[in-house]
Each structure stands twice: as C-alpha cells, then as structure tokens.
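The primary structure of each chain is shown beneath.
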Amino acid sequence: MALFKHGKKQQPQEQNQPPINQQQQPNNAANQQQQTNPQGNNFQQGTPSAPNQYFQDVPDYPVNDPSQQQPNPATPEQMPESNNSYQQPAPQQPNAPLTPPPMNANTGASQMTRPVNPAPTGSLASNNNVPTPPNQRPLSTQAPASVDHPYGSLENWEYTEKQLKDLETKQEELKSQLKIQLLSSRTFYSHLIQSKQSVHLDQSAIDLEVRKIQRINDTLRRWFGTDMISGDVFFDHNRKYFILQEDLLEADDNQRERLADLAYYLDDHNVLPSIITLIYDENIDARWQAYLDEGIINPESEMLNIYNYFQTGDIKAPQPLQGPNTGIEIGPQAHVESDQEHNIDRVYNGNTLVMKITKDLAGRPATINHYHDGEIISTDYLDEQGINRLTQVFNPKDPNKVMDEFFYRVDNSLAIVKSYVSGEPYIQVLNRSNIMVKSFDTEQEFIVWWLSEKALDDNSTLIVPLSSPVYQLLLEKTDLKFKVLPYVDNYETESQQLANILDNAEQLNLKEGILVNNEEAQRQISQSTQGKINVSIIPSPNKDNPSASEAEDTPAN
C-alpha cells in the first residue's frame, strides 16, 4: 500500500528491509531482557561474526567488520578450556534505580536507559571479546544523529495549536457578529409588527414577521443557549426625535458631556434630534449658540423651550415680531445716579430709591428692580429688544420669597401666571386675550400637558433622562400619543430608579426600550426583563479613549 507523507507519495519498502527514516525506539534493545542462544555451546571460537546490518546508516557507528577488528590480546592461558565455561552475565538487580536519561545532541530528546549490568566474573572477566549469539541484536551505544518524526517536525504541535487558537478566536468573532445581526433583525421585525398593529391589521398581516422572529429565536437558542437576550433600540428615520433637558448647562457640567455622547450616538444612526428645555432663561439664545459652536449638538438641531413657546411660539407671523419699546418712565422729581463700573443706574425720588436698572455689556437694560419704602417689591426681566418677558412679585413681608411670576408674550399679553401662594392654582395658562386656558397644581402636570397637547405629535419620540423631574409621570402614562424612550444617563446615582422601573416594567411605557451608558445597567435590564425590553449602550469616547493630552504625554516605547 502506498503511504502519504507531507503530500508526497512514498513507495513501499522491499521485504525484510527496514523502512527509510523510520524512527528507532530509544534504547529498545537495552530495555529488553537478553535471550540466551540455545546453541551457544556450538559457537566456534575464532569464527568471525557477520557484519552488523542494523546500524549501517548511522554515521561513525562501529560495525563488526572483520577487516577492522583488532586482534584479541588474550593469551591461551586466559582462554576458557571449553565453550561450556561460557557464563551468562549476572542478572540485573530488580530494584536497580534508573540512571538519568542521556540527551540526544540533535533533537534534545531524552532517552531512558537502565544501568549497565555488572561485569562478568570468572574467566570471562579478562576476555573483552565475548562471542555474540547469532540471533541476538547488538546493543546501541550511540543515539542516532537525527530523528524523523512521523508527523513532521517535533515542534509542529505548536503551529497546530496556534491554528486551533486562531479558529477559536475567529469563531468568537463570528458568533459576536451573528448575535448582533440576529438581535437587530428581530428588533426590526418586532417594529414592523407594532406598526401594522397600530393601524389595526388582522393577524394574517403579521404572520411572515412572526415566523421570521421564531427562526431568529431558534438560531439564538442553538448558538447562545437562550433567546431571552435584549436587542438594540430601533430608530425609525421617519420619526422626529427630541431630547428632554431641564436646562442648558454650563461647560463644566458632566451632564453636558453626556448629552454630547447621546447626540453623537444618534448622529451615527442618522437621527437628528431637537432639544426641549423646561426652565425659563432670559439668556437661552446665547447658551444655545454656545452649544452649537462647541459641538455639543448637531448644528442643524433645533431648540424648543416651554416658556418661549408660550411667549413667542404660538404667535404666527411671517416676520419676527418687534414688541413695543415704551422705555422706562420716571417721575419729574426723580433723578438718576449711574455706577459706570458696575453698569447700574439708580433712580431716586428725592432721597428714596425707587428703581435700580442693571444693564448688559452692550448697555441695554436687562433687569429692573422696583422698591417701595426701601424694600424690593418686584423685578422685571427684559430681552435684548427691551421687551419685558417676566415679572417676579415678592412677598412684602419677606422680600426674599417670590409670591407671583408673570410671563408675557412679545405683544405684552399675559401668557403664564405662576403663584406660590397657598390655596391658589400653581400655574395658569392664558391666551392672547388674557383668558385662562388651563390651570395646574404642579409643574410636572403642566409640562406633560404641554408636551402632549402642544409640542409633540404621534410621530414624535421623546428621549427622557432619569434625571428629569417628569420621567416617572411620562412612563406611567401609557395613553400618550407620542413615544417615550428613557435614558439612564448616570447609573451610579440612578440605579435605584432603574430598579423601580424594572420592578414595574409591565405597567410602564417601555415599548421603545431603554438607553444606558453603562454595561452593568445593560446586563441588569436584559436579565430582569428576560430580553423583552430592548436596550442600547451610549458609548462615551472619553472613557474608551485617552484624551489627546494624555496621548501626547505618554512616552513612545
């Protein structure tokens, strides 16, 4: 039969000829018990032994060549009287210890040998040319110069092991890719099912998507042992996305960086979000421009503020409105004292302070404090056009406490009234004719009403951080026409809030999934909901990559 080795075909060896390059078992002859020739008494002394055929291919190995054999120095008196005096070498001690294995000079392999038997006694002690029985194989006294392994080099196992490790790495990469693909497809088909169900289609309309999801779950169970794994949040490019923020923050606020991380993540998914803020800020336009200039948000994004909406947003006009510039009126007996260093003008009626006007850097009036009997009673906040946008009225018994707030439109009509007096409605919304539209007892109710009735529609998705004061109320309202996507933007401080949400997941508005910026939060959601709620991680470049300054300071190796 032909043998295959290293891809080349070898012809079989001739009969009775040892195979070429066949590895010899180390010291095989030394590990076998010597057999006594039964015809040893018929061995004729002085008969030259046949040349050794076993080690002809071993360089420098001494063979029994009669032409090179040295004459026996033994004298006739030292020869045994007859062949019957031949003695078998002394038996080896059964408990003789093994000698340390010699090292092969070419391969570095060790060979285990037993200790040399004691020299024979008697007349054979002086006879160094002891006859060898014809059928006994001579013992090897030298390791072969080279050894051919039947599977190639002795170090080939390291290459094979490396190939196996590469296969394991490749398998893990493919499984990770398969997992992402399966979960993304399942999320997409689930979104299709929800879209079809929202228009009241019958069950047959979603049979195809149901069967595909079943196949995906079968594949997940085969490769990952379970199909209860949360997929990624699905972003529909046909919808409008809004990020809810309480206020626009300063540059040193960490929440500002988390907003930037979210904005970049949405940009990677081809989503252009708008920002919704909930705090009145007379400088909001300048803050928003800083957000755009510093790359916190996409330059094409828009900003919507709840107070700006009622003061300007519901007024439809082809051109920006210019409010009446009535100026600041003072009595004929009043006089003004200017503090140029602090940009403040003080108005006195005689010796009594009645007004303090604080100007911006451009010299325009920004705030006006009104006084009565030396105590502050109200403050007006003016915009850049000199229009009064907000008036705060203070408690006459405690000037440090605000009693009422009046928010005006640019046409000077009253838009919102906030009262801090016990027993009065907290917030009242009025139309341009100063007729009340609706009242609210809490700020949260006012915000949710505005989002539902004024700002958002059924094609809107609102991303709500758990740091928002209205997240709980929005999640509890399952009848909202817009969709809610909660965002765990600070797991260290919001872990308890997340736990409460997961404990009541069945009763909350969580169909869109949850956004997190922490892997531990992702695992908690996936395990707690058994993969029923999708969850996506918002990566933070500042955590994943060192800053440029740190990279520059790191010395090169």
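Residues numbered from 1 in each chain as written. Predicted model: local features only at pLDDT ≥ 70, side-chain atom pairs only at ≥ 80, totals over all residues. Heavy atoms only, no water.

Structural notes on the nonpolar core
Side chains of a nonpolar character, in soluble globular proteins, are inclined to be buried together.
Logical step 1: Core analysis: the biggest nonpolar cluster contains 49 residues, and Phe310, Leu462 and Leu474 have the highest contact counts within it.
Logical step 2: Ranked by residues supplied to this core, first place goes to helix 6 (residues 443-455) with six residues.
Logical step 3: Discounting residues that sit within four places of it in the chain, leucine 474 has contacts with Leu244, Val448, Leu451, Leu462, Val464, Leu480, Phe482, Val484 and Asn509.
Logical step 4: Grouped together as the second largest cluster of nonpolar side chains are 26 residues, Tyr241, Leu249, Ala260 and Ile297 included. (Core = buried A, V, L, I, M, F, W, Y, C linked by side-chain atoms within 4.5 Å. Buried < 20%, exposed > 50% of the residue type's maximum accessible area, 1.4 Å probe, protein only. Helix = DSSP H or I, 4+ residues; strand = E, 2+ residues; numbered from the N terminus. Contact = heavy atoms within 4.5 Å.)

Observations concerning the confidence of the model for the protein chain
Logical step 1: Overall, the prediction assigns the protein chain a mean pLDDT of 77, with 67% of residues at 70 or greater.
Logical step 2: Across residues 104-128, confidence stays below pLDDT 50; counting only partners more than four residues off in sequence or on other chains, it has 49 contacts. (pLDDT = per-residue confidence, 0-100.)

Thoughts on the side chain of serine 274
Logical step 1: For serine 274, the position within the fold is in strand 4 (residues 274-277).
Logical step 2: For serine 274, a relative accessible area of 16% gives the class buried.
Logical step 3: Sequence-distant contacts of serine 274, that is, excluding residues within four places in its chain, are made with Tyr241, Phe242, Ile243 and Glu302.

Details of the environment of isoleucine 279
Logical step 1: Relative to the elements of secondary structure, isoleucine 279 occurs in the loop between strand 4 and helix 4 (284-293).
Logical step 2: The class of isoleucine 279 is partly exposed, set by a relative accessible area of 33%.
Logical step 3: Separated by 27 residues in the primary sequence, isoleucine 279 and isoleucine 306 have C-alpha atoms spaced 7.5 Å apart.
Logical step 4: In this view, isoleucine 279 contacts Glu246, Asp247, Asn305 and Tyr307; residues no more than four positions away in its chain are not counted.

A short note on the pattern of salt bridges
Logical step 1: Taken as a whole and judged by the stated rule, the model has 15 salt bridges.
Logical step 2: The partner of glutamate 250 in a salt bridge is arginine 287, and the shortest N-O contact between them spans 2.5 Å. In this pair, glutamate 250 is assigned in the loop between strand 3 (240-245) and helix 3 (254-268) and arginine 287 in helix 4, connecting sequence segments 37 residues apart.
Logical step 3: Judged by relative accessible area, glutamate 250 falls into the partly exposed class, the value being 46%.
Logical step 4: Residue class for arginine 287 comes out partly exposed when judged on its relative accessible area of 25%. (Salt bridge = Lys/Arg side-chain N within 4 Å of Asp/Glu carboxyl O.)

Side note on the pairing of strand 6 (residues 334-339)
Logical step 1: Relative to strand 7 (residues 344-349), strand 6 is paired through six bridges, and the arrangement is antiparallel. Counted as the bridge partner of alanine 334 is asparagine 349 from strand 7.
Logical step 2: Where strand 6 hands over to strand 7, the hairpin turn is made up of four residues, of which asparagine 343 adopts a positive phi near 60°. (Pairing = 2+ DSSP bridges.)

A few points about the packing of aromatic side chains
Logical step 1: According to the stated counting rule, one finds 16 aromatic pairs in the structure shown.
Logical step 2: Where tyrosine 307 meets phenylalanine 446, the ring centres are 6.5 Å apart and the plane angle is 55°; that geometry is what we call tilted. Remark: phenylalanine 446 occurs in helix 6 and tyrosine 307 occurs in helix 5 (residues 306-313); sequence separation between them is 139 residues.
Logical step 3: Taking relative accessible area as the criterion, phenylalanine 446 reaches 0% and is therefore assigned buried.
Logical step 4: Ring geometry for phenylalanine 310 and tryptophan 449: centres 6.3 Å apart, planes at 5°, overall stacked. Here tryptophan 449 lies in helix 6 and phenylalanine 310 lies in helix 5, a separation of 139 residues in the sequence. (Phe/Tyr/Trp six-rings, centres within 6.5 Å; stacked < 30°, edge-to-face > 60°.)

Notes on the sheet that holds strand 18 (residues 514-516)
Hydrogen bonding along the main chain pairs the strands of a sheet, whether they run parallel or antiparallel.
Logical step 1: Strand order in the open sheet formed by seven strands is 5-4-3-16-17-18-19, and the pairing between neighbours is parallel. If you trace the sheet from one side to the other, it starts and ends with strand 5 (303-305) and strand 19 (535-537), each paired once. Neighbour-to-neighbour, the strand axes of the sheet open up by a mean angle of 25°, direction not taken into account.
Logical step 2: Two elements, strand 3 and strand 16 (residues 460-465), share four bridges in a ladder whose sense is parallel. Note on strand 16: the bridge partner recorded for lysine 240 is serine 460. (Axes fitted to C-alpha atoms, helices over the stretch in contact; angles between N-to-C directions.)

A word on the environment of valine 354
Logical step 1: Note on placement: valine 354 falls in strand 8 (residues 352-359).
Logical step 2: On a C-alpha basis, the gap between valine 354 and histidine 370 in space is 5.8 Å, while along the polypeptide they are 16 residues apart.
Logical step 3: With residues up to four places along the chain from it excluded, the contact list for valine 354 reads Val347, Tyr348, Asn349, Asn369, His370 and Tyr371.

Quick notes on the pairing of strand 15 (residues 436-440)
Logical step 1: Across four bridges, strand 14 (residues 427-430) lies against strand 15 in antiparallel orientation. Counterpart to glutamine 428 in the pairing with strand 15 is serine 439.
Logical step 2: Counting the residues between successive antiparallel strands, the hairpin from strand 14 to strand 15 contains five residues, one of them, asparagine 434, with a positive phi of roughly 65°.

Section: helix 1 (residues 156-198)
Logical step 1: Helix length check: helix 1 (43 residues) gives 63 Å between terminal C-alpha atoms against 63 Å at 1.5 Å per residue, within 8%.
Logical step 2: Within helix 1 the residues assigned to the buried category are Leu182, Leu183, Arg186, Thr187, Tyr189, His191 and Ile193.
Logical step 3: Buried residues in helix 1 make contact with helix 2 (207-224).
Logical step 4: Two residues or fewer after helix 1 comes histidine 200, characterised by a positive phi angle close to 65°. (Expected span 1.5 Å × (residues − 1).)

What to know about helix 9 (residues 519-528)
Logical step 1: Those residues of helix 9 that sit buried are Ala521, Ile525 and Ser526. In an axial view of helix 9, the angular spread of the buried residues amounts to 130°, which keeps them on one side of the axis. Exposed side of helix 9, more than 90 degrees from the buried face: Glu519 and Gln527 are the residues found there.
Logical step 2: On its buried face, helix 9 sits against helix 8 (491-503), strand 18 and strand 19.
Logical step 3: Measuring from the side-chain oxygen of the N-cap residue of helix 9 to the backbone nitrogen of glutamate 520 gives 2.7 Å; that N-cap residue is asparagine 518.
Logical step 4: With its phi angle positive at about 55°, glutamine 530 sits one or two positions after the end of helix 9. (Arc of directions from axis to C-beta. Polar contact = N/O pair within 3.5 Å; in protein donor to acceptor, adjacent residues only side chain to side chain.)

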